[in-house]
Amino acid sequence: MIRKTRLYTPGPTPLLPAAQFAMAAADIHHRTPEFRALYQKVLAQLKVFVGTRNDVLLLACSGTGAMEASVSNLTSPGDRVLVLTAGKFGERWVSLVKAFGCEADVVSAPYGETFDVDEVQKALKPEHKALYMQATETSTTVRHDVEAVARLLHAMAPDTLLVVDGITGLGTTHLDVDGWGIDILIGGSQKAVMIPPGLAYLSVSERAWAAMEKSTNPRFYFDLRKERKNAVKGESAYTPAVALVAGLGAALDYIAAQAGGDLENGRIALIDNAEVNAAAARAGLQALGFTLFAPTAPAAAATAVAVPEGMNSGEVVKALKSRFALVTANGQGEMQGKIFRVAHLGFFDYLDTVALIGAMEHIAKDTLGLKVEYGQGVAAAQRVYAKAASSQELEASR
Ligand SMILES: *Cc1c(COP(=O)(O)O)cnc(C)c1O
């Protein structure tokens, strides 16, 4: 039988066909009026997509490059910073700030959980140069309460910069950059914006620009001040990822088209889409007897699923791939073998979720030997969708 390859990984995510066409046609030089017009259009769209009046910059690198830039540009060796970590990406912040000579205070939450805000409050000191956190921790699929942390920070440590890795948070959860005072918010191309890996984008506040003038850590390729100067002229400091920029423009057009051409509402529709798909997937998987790895604060970006005791999640990942060409992600680090992860961010629709749960019914039965009736998981997912669809229709008719 034909098996279509389907990505359900939380980055890279499925590609938008319109973006693929735009990338294939992007045979243009970057120091031309054509590219400058494209670059300026995409930067303006990104500001709306991120939802900020701050500058938004694009970098030719994966998400981690922008994470590094937000450490090297804001800090000096010996600075005290606070890192909130609840998984592999939080741990990446810890390694990064240490690599740049910062003294890291760390608040951690167990894998699968989010932070206790009281503990953050206890750890936060006004002398912290910056606080680094994720909006959603993709390794465990937990959603963090960025708003609560932001409120705490502005009350207790008003000079501390707030840096948020929104690489899977953007397009899957509401983030009010200007209202909450997020100084740097980072996104990546291979997540909710439906294009291949290779671009990172970040919003930068005036406070962050001011801090950069005083910070002394070394930076060259990732010197954000240089990018900002060039961006004003519609250029990047070095050769940009031209095709990805073209693809990103097409993807942002598509997201806007979800709300009649209004990108801000399109972003909200994209978040709602991820929320409904995530809720349907959670219901379907639980109806099959699986346990959610992050039940208390689940992200809409992706869902981590624990396999029953004594079973290996790698078997599920392997079986989904070999039987259905369906690509999922194993757990990272210590979580490998214990969980598998499926994504909902970006170009996923409801029928993708139904297909996933349908495939999982076969795997649960044949690979894991669980007692499952065909349709048991799918029906649970369908009920979630039906309820969401009827309330959306109700809203639209008002
Ligand atoms: C994907 C991801 C990253 C970035 O990883 P890259 O491989 O550098 O793109 C960082 N943080 C989170 C939360 C992610 O999901």
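It should be noted that the structure appears before, not after, this text.
Keep in mind the model is a prediction, meaning the values are calculated, not measured. (Residues numbered from 1 in each chain as written. Predicted model: local features only at pLDDT ≥ 70, side-chain atom pairs only at ≥ 80, totals over all residues. Heavy atoms only, no water.)

Novice: Help me understand helix α13 (residues 350-366), please; the structure alone is not making it clear to me.
Specialist: Two residues of an α-helix separated by three or four positions point the same way, owing to the 3.6 residues in each turn. The terminal C-alpha atoms of α13, which comprises 17 residues, lie 25 Å apart, in line with the 24 Å expected from a rise of 1.5 Å per residue. Every buried residue of α13 is listed here: Tyr 350, Thr 353, Val 354, Leu 356, Ile 357, Ala 359, Met 360, Glu 361, Ile 363 and Ala 364. The opening residue of α13, the one whose side-chain oxygen lies 3.2 Å from the backbone nitrogen of Leu 351, is Asp 349. (Helix = DSSP H or I, 4+ residues; strand = E, 2+ residues; numbered from the N terminus. Expected span 1.5 Å × (residues − 1). Buried < 20%, exposed > 50% of the residue type's maximum accessible area, 1.4 Å probe, protein only. Polar contact = N/O pair within 3.5 Å; in protein donor to acceptor, adjacent residues only side chain to side chain.)

Novice: In this structure, what is going on with helix α3 (residues 63-72)? I would like to understand it.
Specialist: The buried count for α3 comes to eight of 10 residues, which makes it a mostly enclosed element. All of the buried residues in α3 are Gly 63, Gly 65, Ala 66, Met 67, Ala 69, Ser 70, Val 71 and Ser 72.

Novice: Even after reading the chapter, I still don't get the site of the ligand, so can you show me in this structure?
Specialist: If you check the shell around the ligand, you find 14 residues, and the closest are Ser 62, Thr 64, Thr 138, Asp 165 and Lys 191. At a separation of 2.4 Å, an oxygen atom of the ligand approaches a polar side-chain atom of Thr 64. Here a nitrogen atom of the ligand and a side-chain polar atom of Asp 165 are 2.6 Å apart. Expressed as a share of its isolated accessible area of 380 Å², the protein-covered part of the ligand is 88%. (Near = heavy atom within 4 Å. Areas by Shrake-Rupley, 256 points an atom, 1.4 Å probe, with all protein chains shown as cover.)

Novice: Help me understand the packing of aromatic side chains in this model?
Specialist: Any two aromatic rings considered together are summarised by their centre-to-centre distance and by the angle between their planes. Counted according to the given criterion, the structure contains nine aromatic pairs. Ring geometry for Tyr 8 against Phe 348: centres 5.5 Å apart, planes inclined by 40°, an arrangement best described as tilted. Here Tyr 8, found in the loop between β1 (6-7) and α1 (17-24), pairs with Phe 348, found in the loop between β15 (339-343) and α13; they are 340 residues apart in sequence, far enough to count as distant. With a centroid separation of 6.1 Å and 85° between ring planes, the pair formed by Phe 290 and Phe 340 is classed as edge-to-face. Of this pair, Phe 290 sits in the loop between α11 (263-287) and β11 (291-292) while Phe 340 sits in strand β15, placing them 50 residues apart in sequence. Neither Phe 290 nor Phe 340 differs from the other in exposure class; each is buried. One aromatic cluster is present, formed by Phe 220, Tyr 221, Phe 222 and Tyr 238 through successive ring pairs. (Phe/Tyr/Trp six-rings, centres within 6.5 Å; stacked < 30°, edge-to-face > 60°.)

Novice: Would you mind showing me how to read the sheet that holds β11 here?
Specialist: Neighbouring strands of a sheet are bound in pairs by backbone hydrogen bonds; such pairs are parallel or else antiparallel. Reading across the sheet, the four strands line up as β11-β12-β15-β14 and stay open at both edges, with antiparallel pairing between neighbours. Looking at strand neighbours, the two that pair on one side only are β11 and β14 (329-330), the edges of this open sheet. Taken together, the two bridges between β11 and strand β12 (residues 302-306) define a ladder with antiparallel strand orientation. From the neighbouring strand, Thr 291 faces β12, where its bridge partner is Ala 306. Where α11 meets the sheet, it contacts β11 and β12, and its direction lies at approximately 15° from that of β12. (Pairing = 2+ DSSP bridges. Contact = heavy atoms within 4.5 Å. Axes fitted to C-alpha atoms, helices over the stretch in contact; angles between N-to-C directions.)

Novice: Mind showing me how you'd approach the pairing of strand β9 (residues 184-188) here?
Specialist: Regular strands place their side chains on alternate faces of the sheet. For β9, the buried fraction is high: five of the five residues fall into the buried class. Pairing analysis gives three bridges linking strand β8 (residues 161-165) to β9, with the strands arranged parallel. Paired with Asp 165 across the strands is Ile 186, a residue of β9. Bridge analysis of β9 against strand β10 (residues 199-204) gives five bridges, and the strand direction is antiparallel. Pairing of Gly 188 across the sheet is with Ala 200, part of β10.

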